[in-house]
Amino acid sequence: MAGSGSSMVYSFLLFTVVLSLQEMYRGKLASSELFTILGGFTSSIIFLVLLTFIGNFQESCGVRTGWGAVVLAEAVALIAAGTVHRVCITTCFLFSAALLYEVNKISGSALSKSESKTRRH
């Protein structure tokens with residue numbers, strides 16, 4: 001399993017690559033309805049990797065902000081979506097909400113597994 005330092009570096013690299021590719025192809029992403037939805041999805045990927053970066057950065061610093069990391073990552077992703085097309089903002093928000101729900105569900109199941117291992121020993 002990756003440590004918080006390496007995960008932070010990888011998520012930052014993914015953030016820069018996805019954001020760069022989205023900005024390079026923003027004309028294509030805004031050209032049709034299907035590509036506009038794809039633009040919102042790529043912006044939600046930006047949200048996910050930025051949330052991972054912020055979470056790992058907070059873990060390495062020993063600071064917790066709770067929902068502050070989610071709000072900051074969502075704001076950056078929505079701004080990135082807005083540079084492509086107006087509709088990308090809406091689809092990014094919807095995809096990001098679904099991704100956040102899934103990440104929360106996975107995190108809860110991983111936490112319950114680690115707590116059950118701790119109770120056995």
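Further up the page is the structure itself.
I will try to describe carefully the structure that is included in this document. (Residues numbered from 1 in each chain as written. Predicted model: local features only at pLDDT ≥ 70, side-chain atom pairs only at ≥ 80, totals over all residues. Heavy atoms only, no water.)

Some remarks on a nonpolar patch on the surface
So the rule is basically this: Like-charged residues are merged into a patch within 9 Å and nonpolar side chains (Val, Leu, Ile, Met, Phe, Trp, Tyr) within 5 Å, provided each residue has over 30% relative accessible area and no salt bridge. Shrake-Rupley sampling with a 1.4 Å probe provides the accessible areas, and residues are treated as covered by the protein chains on show and by no other component. Note on definitions: salt bridges are taken to be side-chain nitrogens of Lys or Arg within 4 Å of carboxyl oxygens of Asp or Glu. Numbered from the N terminus, helices here are DSSP runs of H or I no shorter than four residues, and strands are runs of E no shorter than two. Three labels apply to residues, based on accessible area from a 1.4 Å probe with only protein chains included: buried if under 20% of the type maximum, exposed if over 50%, partly exposed otherwise in between.
On the surface, Val 17, Leu 21, Met 24 and Tyr 25 cluster together into a nonpolar patch covering about 410 Å² of accessible area. Looking at the secondary structure, you find Val 17 in helix 1 (residues 4-24). Judged by relative accessible area, which is 44%, Val 17 ranks as partly exposed.

Considerations on helix 3 (residues 33-61)
Our working definition: A helix's residues, less one, multiplied by 1.5 Å, set its expected span.
The terminal C-alpha atoms of helix 3 lie 42 Å apart, and with 29 residues this matches the ideal 42 Å at 1.5 Å per residue to within 8%. Count one or two residues on from helix 3 and you reach Gly 62, which has phi positive near 80°.

A look at the nonpolar core
Formally: Grouping buried Ala, Val, Leu, Ile, Met, Phe, Trp, Tyr and Cys residues that are joined through side-chain atoms within 4.5 Å yields what is termed a nonpolar core. Whether two residues touch is decided by their heavy atoms; if any such pair falls within 4.5 Å, the residues are in contact.
Membership of the largest hydrophobic core comes to 18 residues, with the highest contact counts inside it found for Ile 46, Phe 47, Leu 51 and Ala 73. Only helix 1, helix 3, helix 4 (67-82) and helix 5 (86-120) provide two or more residues apiece to this core. When residues no more than four places from it in sequence are discounted, the contact partners of Leu 51 are Ala 69, Val 70, Ala 73 and Leu 100.

Concerning the packing of helix 1 against helix 3
What counts here: The convention used is that axes are lines fitted to C-alpha atoms, helices contributing only their stretch in contact, and that angles between N-to-C directions extend from 0 to 180 degrees. Under this scheme an angle from 65 to 115 degrees is roughly perpendicular, one under 35 degrees roughly parallel, and one over 145 degrees roughly antiparallel; angles in between are oblique. Two helices crossing with the near one rotated counterclockwise from the far one by less than a right angle form a left-handed crossing, whereas a clockwise rotation gives a right-handed crossing. Put simply, Ala, Val, Leu, Ile, Met, Phe, Trp, Tyr, Cys and Pro go in the nonpolar bin, Asp, Glu, Lys and Arg in the charged bin, and everything else, Gly too, in the polar bin.
In the contact formed by helix 1 and helix 3, the axes pass within 8 Å of each other and the chain directions differ by 155°. As summarised for this structure, helix 1 and helix 3 are arranged roughly antiparallel, according to the angle between their axes. Of the two elements, helix 1 crosses helix 3, and the hand of that crossing is left-handed. A breakdown of the residues in the contact of helix 1 with helix 3 according to their chemical character gives twelve nonpolar, ten polar and one charged.

Remarks on the packing of helix 3 against helix 4
With their axes 8 Å apart at the nearest point, helix 3 and helix 4 run at an angle of 150° to one another. When the interaxial angle is binned, helix 3 and helix 4 end up roughly antiparallel. Read as a crossing pair, helix 3 and helix 4 show a hand that is right-handed. Taking contact as the criterion, the partners of Ser 43, Ile 46, Phe 47, Leu 50, Leu 51, Ile 54 and Gln 58 in helix 3 are, on helix 4, Ala 69, Val 70, Leu 72, Ala 73, Glu 74, Val 76, Ala 77, Ala 80 and Ala 81. Taken together, the residues of the contact of helix 3 with helix 4 sort by class into 13 nonpolar, two polar and one charged.

Points about the pattern of salt bridges
Considering all chains together, one arrives at two salt bridges under this definition. Put simply, Arg 26 and Glu 23 hold a salt bridge, and the shortest N to O gap is 3.2 Å. For Arg 26, a relative accessible area of 38% corresponds to the partly exposed category. Close ionic contact of Lys 105 with Glu 102 constitutes a salt bridge, the shortest N to O distance being 3.5 Å. Of this pair, Lys 105 and Glu 102 both sit in helix 5, separated by three residues, roughly a single helical turn. Residue classification places Lys 105 among the partly exposed residues on the basis of a relative accessible area of 45%.

Note that all results are geometric; they support no functional claim without further evidence.
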